[in-house]
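Descriptive structure summary
Listed below, chain by chain, are the residues.
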Amino acid sequence: MSRRRIGFWYRFAAVICKPPLAVLIKRDWRGMEHIPADGGFITAVNHNSHVDPFAYAHYQYNTGRVPRFLAKSGLFKKGFVGAAMRGTGQIPVYRESTDALSAFRAAIEAVEKGECVAFYPEGTLTRDPDGWPMAAKTGAARVALQTKCPVVPVAQWGVNELLPPYAKKPHLFPRKTHHVLAGPPVDLSRFYDREMTADVLREATEVIMAAVTRQLEEIRGEKAPAVPYDPRRERIEQRRRTRAQSAPAAPAVQSADTKVQDTVPAPAAEATPTVTEGGSGK
């Protein structure tokens, strides 16, 4: 099997989702030529809105290579949404449980069967104040090095203006544009013969995210920060600031001698006797 068939559920989801997406957002979609026509591969995509999984799925659906997303396991249990998630072949992620690694095994199996797995390497919506990609988790790199499959970096921008991260109300007007730019596959070949240590996975992840960020720089016409925003580092710094603010101020210590000097006036200077020749004083 060289590629996943679109199937009933994906076509049904497209019938439901494409009309409102077409009404709400304009499209500036580029780089579809970098999406492989056959064989398994990964797309690494930045995440800046709760709407962008639908908008990005629309982009890739139009390439003929439907993505399988890694999604929270709870979504697979909710009525119609759960049925759609299962029917479209999305991959449940069981966080902080004995099944936590099952998502990576399923992703590897999907790639080896010739399917596409779409990763949000950041793991959640970006918390960068300006919407740039954050420091990422290593899951995409782990699957890529295990399977040696192509990794296509994809940047998107625009639906975050429709629904900003963590916002509850959309900004419908003026009509927003969904910009997507896929780049050529990232070259990870230098990691293939190395042991898959934590350092190697972090380095490969940085290479992937640097490619995604370059795509976003091209879309936005701006330079990203030299160091990606790191939520873990920010939490550590926040804890340090909180401890520093809550620590009691050290009281001023004043010696008893100093207090006496401050409260008792200094004695008046005595007159120096005038000494005349011969040693007697007047």
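Calculation notes
Residues numbered from 1 in each chain as written. Predicted model: local features only at pLDDT ≥ 70, side-chain atom pairs only at ≥ 80, totals over all residues. Heavy atoms only, no water. Helix = DSSP H or I, 4+ residues; strand = E, 2+ residues; numbered from the N terminus. Buried < 20%, exposed > 50% of the residue type's maximum accessible area, 1.4 Å probe, protein only. Contact = heavy atoms within 4.5 Å. Polar contact = N/O pair within 3.5 Å; in protein donor to acceptor, adjacent residues only side chain to side chain. Pairing = 2+ DSSP bridges. Axes fitted to C-alpha atoms, helices over the stretch in contact; angles between N-to-C directions. Parallel < 35°, antiparallel > 145°, perpendicular 65-115°, else oblique. Left-handed = near helix turned anticlockwise from the far one by under 90°. Nonpolar A, V, L, I, M, F, W, Y, C, P; charged D, E, K, R; others polar. Expected span 1.5 Å × (residues − 1). Bend = angle between axes of the 7 residues up to and from the residue.

1. Here's the deal with the environment of Q156
- Tracing the sequence through the fold places Q156 in strand β6 (residues 151-157).
- The class of Q156 is buried, set by a relative accessible area of 0%.
- In the structure, Q156 is positioned 108 residues away from N48 in sequence and 8.4 Å away in space, judged by C-alpha atoms.
- In contact with Q156, not counting residues within four places along its chain, are V45, N46, N48, D52, Y56, Y120, H178, H179, V180, L216 and I219.
- At 3.0 Å, the side chain of Q156 forms a polar contact with the side chain of H178.

2. Regarding the pairing of strand β2 (residues 41-45)
- Counting buried positions along β2 gives five out of five residues, so the element sits mostly inside the fold.
- Residue alternation in β2 divides its side chains into two sets, F41, T43 and V45 and I42 and A44, and both sets are buried.
- Taken together, the four bridges between β2 and strand β5 (residues 116-119) define a ladder with parallel strand orientation. Paired with T43 across the two strands is A118, which belongs to β5.

3. Remarks on the sheet that holds β2
- Overall, mixed pairing links the seven strands, which are arranged β1-β7-β6-β2-β5-β3-β4 in an open sheet. In the strand order of this sheet, the two ends are held by β1 (25-30) and β4 (91-93), each with one partner. Averaged over all adjacent pairs, the angle separating strand axes in this sheet is 25°, with direction ignored.

4. Remarks on the packing of helix α1 (residues 7-24) against helix α3 (residues 79-87)
- α3 packs onto α1 with a crossing angle of 130° between their chain directions and a minimal axis gap of 8 Å. Considering the angle they form, α1 stands oblique to α3. The interaxial crossing formed by α1 with α3 has left-handed handedness. Here W9, F12 and I16 of α1 come into contact with α3, specifically with F80, A83, A84 and G87.
- Tallied by class, residues from the contact of α1 with α3 come to six nonpolar, one polar and no charged.

5. A word on α1
- Across its 18 residues, α1 extends 26 Å between first and last C-alpha, which sits within 8% of the 26 Å expected from 1.5 Å per residue.
- The largest bend in α1 is about 35°, located at C17, with the proline P19 one to four residues further on.
- Y10, A14 and L21 are the residues of α1 that are buried.
- Where the residues of α1 are buried, they touch β1, α2 (52-61) and β3 (67-72).

6. Here's the deal with the environment of V186
- Secondary-structure assignment places V186 in the loop between β7 (176-182) and α7 (198-220).
- Between the C-alpha atoms of V186 and P150, which are 36 residues apart in sequence, the distance is 7.1 Å.
- Those residues in contact with V186, other than ones at most four positions away along the chain, are V151, P153, V207 and A211.

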